[in-house]
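Residues per chain, in single letters:
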Amino acid sequence: MRKTTHFTPLPQAFFARDTLRVARELLGCFVVRRRGSEQLVARIVETEAYHGDEPACHAHANFQRVRRGEAPRGRSAVLFGAPGTAYVYFNYGMYWLFNVVTEPEGTPGAVLVRAVEPVFGIERMRELRPHAQRDRDLGNGPGKLALALDIGPAFNEHALYAPGELFLARGDRAVAAREIVAGPRIGISKARDLPWRFHVRGNEHVSGR
DNA sequence: ACGAGGATGCTCT
DNA sequence: GAGCATCCTCGTG
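Residues numbered from 1 in each chain as written. Chains lettered and ligands numbered in written order. Predicted model: local features only at pLDDT ≥ 70, side-chain atom pairs only at ≥ 80, totals over all residues. Heavy atoms only, no water.

### What about the protein's contact with DNA strand B?
Put simply, the test is: One heavy atom within 4 Å of a molecule or strand is enough for the residue carrying it to be called near that molecule or strand. Distance and chemistry together define a polar contact, namely a pair of N or O atoms within 3.5 Å, with one atom able to donate a hydrogen and the other to accept it when in protein, and with adjacent residues in sequence counting only for side-chain atoms on both sides.
What surrounds DNA strand B is the set Arg 75, Phe 90, Tyr 92, Gly 93 and Met 94. Close to the protein, within 4 Å, the atoms of DNA strand B are drawn from sugar and phosphate at a rate of 47%. Tyr 92 is positioned such that a nitrogen or oxygen atom in its backbone is 2.3 Å from a base oxygen of DNA strand B.

### Structural notes on the pairing of strand S1 (residues 30-35)
Inclusion rule: At least two bridges found by DSSP between two strands are what make those strands a pair. Numbering of helices and strands runs from the N terminus; a helix is a DSSP stretch of H or I covering at least four residues, while a strand is a stretch of E covering at least two.
In this structure, S1 lies alongside strand S2 (residues 38-51), joined through six bridges in antiparallel fashion. Counted as the bridge partner of Arg 34 is Gln 39 from S2. Connecting S1 to the next strand, S2, in antiparallel fashion are two residues, including Gly 36 with a positive phi near 60°. One ladder, built from four bridges, connects S1 with strand S6 (residues 166-169); its direction is antiparallel. Looking across to S6, one finds that Arg 33 is bridged to Leu 166.

### Here's the deal with the pattern of salt bridges
Close approach of charged atoms lets side chains of opposite charge pair. Just so we agree on the cut-off: Salt bridge criterion: a side-chain nitrogen from Lys or Arg within 4 Å of a carboxyl oxygen from Asp or Glu. Burial status follows relative accessibility: with a 1.4 Å probe on protein chains alone, a residue under 20% of its type maximum counts as buried, one over 50% as exposed, and anything between as partly exposed.
Counting across every chain of the model gives 19 salt bridges. Residue Arg 21 pairs with Glu 25 through a salt bridge whose shortest N-O separation is 3.4 Å. With Arg 21 and Glu 25 both in helix H2 (residues 19-25) and four residues apart, this pair spans about one turn of that helix. Among the residues examined, Arg 21 registers a relative accessible area of 47% and is labelled partly exposed. Between Arg 136 and Glu 204 there is a salt bridge, with its nearest N and O atoms 3.3 Å apart.

### Re the packing of aromatic side chains
The following threshold applies: The aromatic pairing rule takes the rings of Phe, Tyr and Trp, using the six-membered ring of Trp, and pairs them if the centres are within 6.5 Å, calling planes under 30 degrees apart stacked, those over 60 edge-to-face and the rest tilted. We call a charge positioned above a ring when the Lys NZ or Arg CZ atom is no farther than 6 Å from the ring centre and deviates by at most 35 degrees from the ring normal.
Inspection of the entire model under this criterion finds five aromatic pairs. Centre to centre, the rings of Phe 14 and Phe 15 are 5.1 Å apart; their planes meet at 75°, and the pair counts as edge-to-face. Each member of the pair, Phe 14 together with Phe 15, is buried. A cation sits over an aromatic face here: Arg 17 above Phe 14, 4.7 Å from the ring centre. The ring of Phe 63 carries Arg 67 above its face, with NZ or CZ at 3.9 Å from the centroid.

### Focus: the nonpolar core
Rules: Here, the term nonpolar core denotes a set of buried Ala, Val, Leu, Ile, Met, Phe, Trp, Tyr and Cys residues that are joined through side-chain atoms within 4.5 Å. The contact criterion used is simple: two residues touch if any of their non-hydrogen atoms lie within 4.5 Å.
The biggest cluster of nonpolar side chains holds 39 residues, and the ones touching the most others in it are Leu 26, Val 31, Ile 44, Phe 98, Ile 151 and Leu 168. With five residues, S2 is the single largest residue contributor to this core. Not counting the four nearest positions on each side in its chain, Ile 151 is found in contact with Val 31, Val 88, Trp 96, Phe 98, Ala 146 and Leu 166. Core analysis: the next-biggest nonpolar cluster, separate from the first, contains 16 residues, Tyr 50, Ala 59, Tyr 89 and Ala 110 among them.

### A closer look at helix H3 (residues 60-67)
Convention followed: Starting at the helix axis, one direction is taken to each C-beta atom, and the arc is that of these directions.
Of the residues making up H3, those classed as buried are His 60, Asn 62 and Phe 63. In an axial view of H3, the angular spread of the buried residues amounts to 155°, which keeps them on one side of the axis. Looking at the residues trailing H3, positive phi occurs at Gly 69, about 95°.

### Focus: the protein's contact with DNA strand C
Heads up, the condition is: Lys, Arg, Asp and Glu make up the charged group, whereas Ala, Val, Leu, Ile, Met, Phe, Trp, Tyr, Cys and Pro make up the nonpolar group; the residues left over, Gly among them, are polar.
Close to DNA strand C lie 21 residues; His 58, Tyr 89, Asn 99, Gly 143 and Ser 189 are nearest. Lys 144 is positioned with one of its backbone polar atoms (N or O) 2.9 Å from a phosphate oxygen of DNA strand C. Separating a phosphate oxygen of DNA strand C from a side-chain N or O atom of Ser 189 is a distance of 2.9 Å. Of all the elements in the fold, those that place two or more residues in the surface near DNA strand C are strand S3 (86-91), strand S4 (95-101), strand S5 (109-120) and helix H5 (142-148). Classifying every residue of the surface near DNA strand C gives 10 nonpolar, eight polar and three charged.

Structural data, given as structure tokens:
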């Protein structure tokens, strides 16, 4: 367990790269959520990549439009914007899902944070997720971690590369390439064949089984 | 253990 | 009106 409580945000350039690469390299990084004087911190253990070229991405239809010379519109216009900004959207009428925009500005892409391992502020996370029986239930799913870290619609388009109420920071231990498992993304019906979900092998806080 | 089904509202066609 | 990048509860075995 890390002892320090000071965290430095990942630079914007980290996110302005290939979405698959960012999705892999975010494993082991910290989500830092500052609420007044307290800090909630969690290690990312599962991600999914979404790129505008591919139909499961929310920005797919918009990307076609942009290529015809029209402007992007609606919810997914955020994905064309500055890398390292948050894309927080409402799903199934009940849950907020937390993504980070990737690729250079103008190219749509994002990484969905699917599971985290709590590091600091576990007591508060339990209050924010009263249904959790065990620590591993606090963040082992995208809807759950948004609740545990108090990430809601106010953070849509928030800059995650600057210190503030929500940002991402380098982790305390590197995740080796051989520890990363790639597989199909969860809960989608299109482009199911792409192995664009990544998680830390054997980690107890990963979603699903 | 595992699977089915309900809750609930936004987005896009 | 259909389809969701989900979670929880309640059956059954």
